[in-house]
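Overview (structure and organization)
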Amino acid sequence: YFIVEAVAVGWGPFKNVISEDRKHYEAPKLRKTLLTGIIVSYVVFCVLQVVLSVGTADNGFDRWELWTNCSSLDKAVRVDCTLPQLVEAAGWTMKGFKVASFG
């Protein structure tokens, strides 16, 4: 959608793809602004995903560890003890990044 709309209104690098007489110019400023918002939101999302994927527990990220006996919980739950379990949730800064990346 993004590329087709960008070509249709002559946005950014697609300015000269089609001739002036064939461009769709109904509310061009609004349509170009919306396209800019889409690309900016996507870039921010990608940057936040990289930031959220390279951290450690020391930086406030989730801490995952193998439990020696993860089936010793008071509540009967089905847990695969061979997989790491969440020991400590992320700090508030990282929780804010997570919400911002999907919000």
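Throughout what follows, the structure given in this document is the object of discussion. The structure presented is a predicted model; accordingly, all values stated were derived computationally and were not measured.

Calculation criteria
Residues numbered from 1 in each chain as written. Predicted model: local features only at pLDDT ≥ 70, side-chain atom pairs only at ≥ 80, totals over all residues. Heavy atoms only, no water. Patch = residues over 30% accessible without salt bridge, like charges linked within 9 Å, V, L, I, M, F, W, Y side chains within 5 Å. Areas by Shrake-Rupley, 256 points an atom, 1.4 Å probe, with all protein chains shown as cover. Salt bridge = Lys/Arg side-chain N within 4 Å of Asp/Glu carboxyl O. Helix = DSSP H or I, 4+ residues; strand = E, 2+ residues; numbered from the N terminus. Buried < 20%, exposed > 50% of the residue type's maximum accessible area, 1.4 Å probe, protein only. Contact = heavy atoms within 4.5 Å.

1. Some remarks on a nonpolar patch on the surface
- Together, Y42, V43, V47, V51 and F97 line one region of the surface with nonpolar side chains, adding up to about 430 Å² of accessible area.
- With four residues, helix α2 (residues 28–53) is the largest single contributor of residues to the nonpolar patch.
- For V43, the location among the structural elements is in helix α2.
- A relative accessible area of 44% means that V43 is categorised as partly exposed.

2. Considering the side chain of E5
- Of note, E5 is situated in helix α1 (residues 2–9).
- Residue class for E5 comes out buried when judged on its relative accessible area of 13%.
- Dropping the residues within four chain positions of it, E5 is found in contact with R31 and L35.

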